[in-house]
Amino acid sequence: MEDIELHQHLLGLEVPWVVERVELGVKEGRVDIWVGYPKGTRFHCPECQVKYSVYDHQERVWRHLDSCQFQTFVHARVPRVDCPTHGARQVIVPWDDDGSQFTKLFERLAIDLLRACSIQKAHEVLRITWDEAWGIMDRAVRRGRARKRPQPLRYIGIDEKSARKGHRYLTLVVNAESGQVEYIADDRKKESLDGFFQQLSPEQLAGLQGIALDIWEPYILSIREHVPDADCKMVFDRFHLMRHIQEAVDPFLRQEHRALLRQGASPLTGTKYLWLYAQENIPDHRREEFEHLRSLNLKVGRAWAIKESLRRLWEYISPGHALRFFQRAFWWATHSRLEPIRKVAHMFKRHLFNILTYTKHRLTNAVAEEFNNKIQQIKQMAYGFRNLEHFKIAIYFHCGGLDLYPH
């Protein structure tokens, strides 16, 4: 009798549900609890909330929080009611509301563990299978996304993420203000991004003020098709653009280093990462060495100086001043006789309008870039992903800002 009263309180059961019996299997390391209700009890239809008599039952078992070291299982004959309006419906039991094989309290614990450690560790601690752990994560994401209500989106970032080897990508849309992943789609095609805009209302589309993205034509076409006044809202990301410039500097370092080695010795030995620094970030203990390298009038030094000059473009607030600065930097880059630098300068010029929109929106894809590191950690926690759907679920679970817990 004491065991029954104890588990009645531990399960938090309320009328009409009562614990009928408890069995302890010491050898099996488990506790089994049978829950029932008085004969003649009427239950609400889950659709219309009208009470009806029990139509039939379905035997079900749920895994509950462990009792000390014993795995605990709840057994119940879940009633169905025959609603004249909605037909036969299974009633909602207080410890489960979404057809799970785990109680709500167990799933809350599992979600906490899955947020804090790897899938492998969570399934070892909880003593559940790998598939069951993924099932809990999947239900939590579906639950959270179903609860999420439409909200105004002012600034978003659009980026691609490599999902696996073989050029398999995902398209990610991130709320640049809240830092939450709003949308994930397979591939990086126009249709991948179309799905995001198609789920927004006309008011939400009109409310978009700034969109940070890389220069990727399928994304640009999708934005222009769906977003009003799209060209004035797109901001080509400064970090992606600066990456193009840095990639134009690197060939000169390799070429001149090899040429100098053929002559006997190269002062560029061990300086690969030095040329990646911005002027103000060069380590103090290497600043003198770097100034000496620049005084040698090497091509890599000239290319680095042009890169540093173009970096100043994002310091301007006025689009007119930014344009005049770019015109001077463009002349220098195109007359430098450094072909990779000249090509990048012309690419800047072709897309200059959506580079200068930065002066209005001050928007970058930094938030989306931060997710690349977090997503890499998610990959490591799951020991990689063979299933892209699992990868998307994990991103929503850890980065979606969702209400994951059963209420």
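Note: the structure precedes this text.
Q: What is the right way to look at the pattern of salt bridges in this model?
A: A side chain of one charge can pair with a side chain of the opposite charge if their charged atoms are brought near each other. If you walk through the whole model with that rule in mind, you get 28 salt bridges. Ionic pairing is found between E107 and R139, a salt bridge with its closest N-O pair at 2.7 Å. Taken together, the positions of E107 in helix α2 (residues 104-116) and R139 in helix α4 (residues 130-147) put the pair 32 residues apart, joining distant regions of the chain. With respect to class, E107 is no different from R139; both count as buried.

Q: Looking at this model, I keep getting lost on unusual backbone geometry. Mind explaining?
A: Glycine aside, the phi torsion of most residues is negative, and most peptide linkages are trans. Of the consecutive residues V15 and P16, the connecting peptide bond is found in the cis state with omega at 15 degrees. Mapped onto the elements of the fold, P16 is located in the loop between α1 (2-10) and β1 (18-25). Of note, the phi angle at R337 is positive, near 60 degrees, even though the residue is not glycine. Along the chain, R337 falls in the loop between α11 (319-334) and α12 (339-350).

Q: Please explain the pairing of strand β6 (residues 70-83) as it appears in this structure.
A: For a regular strand, the rule is simple: side chains alternate between the two faces of the sheet. The buried count for β6 comes to 11 of 14 residues, which makes it a mostly enclosed element. With six bridges connecting them, strand β2 (residues 30-36) and β6 associate as parallel partners. In the strand pairing of β6, V35 is matched with A76. As paired strands, strand β5 (residues 54-67) and β6 are joined by 11 bridges and run antiparallel to one another. Of the residues in β6, the one forming a bridge with Q58 is V78. Between β5 and β6, which pair antiparallel and follow one another directly, the connecting turn spans two residues, one of which, C68, has a positive phi of 55 degrees. Where β6 meets strand β7 (residues 87-90), four bridges bridge the pair, whose relative direction is antiparallel. Considered in β7, the bridge of D82 is made with A88. Following β6, the chain reverses through three residues before pairing antiparallel with β7.

Q: Where do I start with the packing of aromatic side chains in this structure?
A: For any two aromatic rings, the description comes down to two numbers: the centre-to-centre distance and the angle of the planes. Within the structure shown, the criterion is met by 13 aromatic pairs. Here the aromatic rings of W314 and F348 are separated by 6.2 Å at their centres, their planes lie at 80 degrees, and the arrangement is edge-to-face. With W314 in the loop between α10 (299-311) and α11 and F348 in helix α12, this residue pair connects regions lying 34 residues apart in the sequence. Under the relative-accessibility criterion, W314 is labelled buried at 3%. Accessibility expressed as a relative area gives 0% for F348, which makes it buried. Judged by centre distance (5.7 Å) and plane angle (35 degrees), the rings of F326 and F330 are tilted. Taken together, the positions of F326 and F330, both in helix α11 and four residues apart, correspond to about one turn of that helix. Note on F326: relative accessible area 3%, which makes it buried. Of note, R188 hangs over the ring of Y169, and the distance from its end group to the ring centre comes to 4.1 Å.

Q: Would you explain the side chain of N365 in this entry?
A: Tracing the backbone through its elements, the reader meets N365 in the loop between α14 (358-361) and α15 (366-381). A relative accessible area of 1% places N365 in the buried class. At a separation of 2.9 Å, a polar atom in the side chain of N365 contacts the main-chain carbonyl oxygen of I158. Other than its neighbours up to four places away in sequence, N365 contacts G157, I158, D159, A212, L213, D237 and H240.

Q: Explanation requested: the nonpolar core in the structure shown.
A: One recurring pattern in soluble globular proteins is that nonpolar side chains are buried together. Counting residues in hydrophobic clusters, the biggest one holds 65 residues, and the most contacted among them are I158, F196, F197, L213, I223, I341 and F348. The greatest single-element share of this core, amounting to eight residues, is contributed by helix α8 (residues 238-262). Counting residues in each nonpolar core, the second largest holds 38 residues, with C117, A163, V174 and I393 among its members.

Q: What should I look at first to understand helix α3 (residues 119-126) in this one?
A: Helical periodicity: at 3.6 residues per turn, an α-helix aligns residues three or four positions apart in one direction. Listed in full, the buried residues belonging to α3 are I119, A122, H123 and L126. An end-on view of α3 places all buried positions within 95 degrees of arc, on one side of the element. Positive backbone phi, approximately 60 degrees, marks R127, located one or two places after α3.

Q: How should I be thinking about the pairing of strand β11 (residues 210-213) in this particular structure?
A: Here β11 shows two buried faces, one formed by G210 and A212 and the other by I211 and L213. Pairing of β11 with strand β12 (residues 234-236), which is carried by three bridges, proceeds in the parallel orientation. Note on β12: the bridge partner recorded for L213 is F236.

Q: I tried to follow a positive patch on the surface on my own but got confused; where do I start?
A: A cluster of basic side chains, namely R254, R258, R262 and K272, defines a positive patch on the protein surface. Counting through the fold element by element, K272 comes out in the loop between α8 and α9 (284-294).

Q: Where do I start with the side chain of Q71 in this structure?
A: With respect to the helices and strands, the residue Q71 is situated in strand β6. Residues within four places of Q71 in sequence aside, it is in contact with G29, R30, V31, R63, D66 and R127.

Conventions and cut-offs
Residues numbered from 1 in each chain as written. Predicted model: local features only at pLDDT ≥ 70, side-chain atom pairs only at ≥ 80, totals over all residues. Heavy atoms only, no water. Salt bridge = Lys/Arg side-chain N within 4 Å of Asp/Glu carboxyl O. Helix = DSSP H or I, 4+ residues; strand = E, 2+ residues; numbered from the N terminus. Buried < 20%, exposed > 50% of the residue type's maximum accessible area, 1.4 Å probe, protein only. Pairing = 2+ DSSP bridges. Phe/Tyr/Trp six-rings, centres within 6.5 Å; stacked < 30°, edge-to-face > 60°. Lys NZ or Arg CZ within 6 Å of the ring centre and 35° of its normal. Polar contact = N/O pair within 3.5 Å; in protein donor to acceptor, adjacent residues only side chain to side chain. Contact = heavy atoms within 4.5 Å. Core = buried A, V, L, I, M, F, W, Y, C linked by side-chain atoms within 4.5 Å. Arc of directions from axis to C-beta. Patch = residues over 30% accessible without salt bridge, like charges linked within 9 Å, V, L, I, M, F, W, Y side chains within 5 Å. Areas by Shrake-Rupley, 256 points an atom, 1.4 Å probe, with all protein chains shown as cover. Lys, Arg positive; Asp, Glu negative; His and termini not counted. Charge placed at Lys NZ, Arg CZ, Asp CG, Glu CD.

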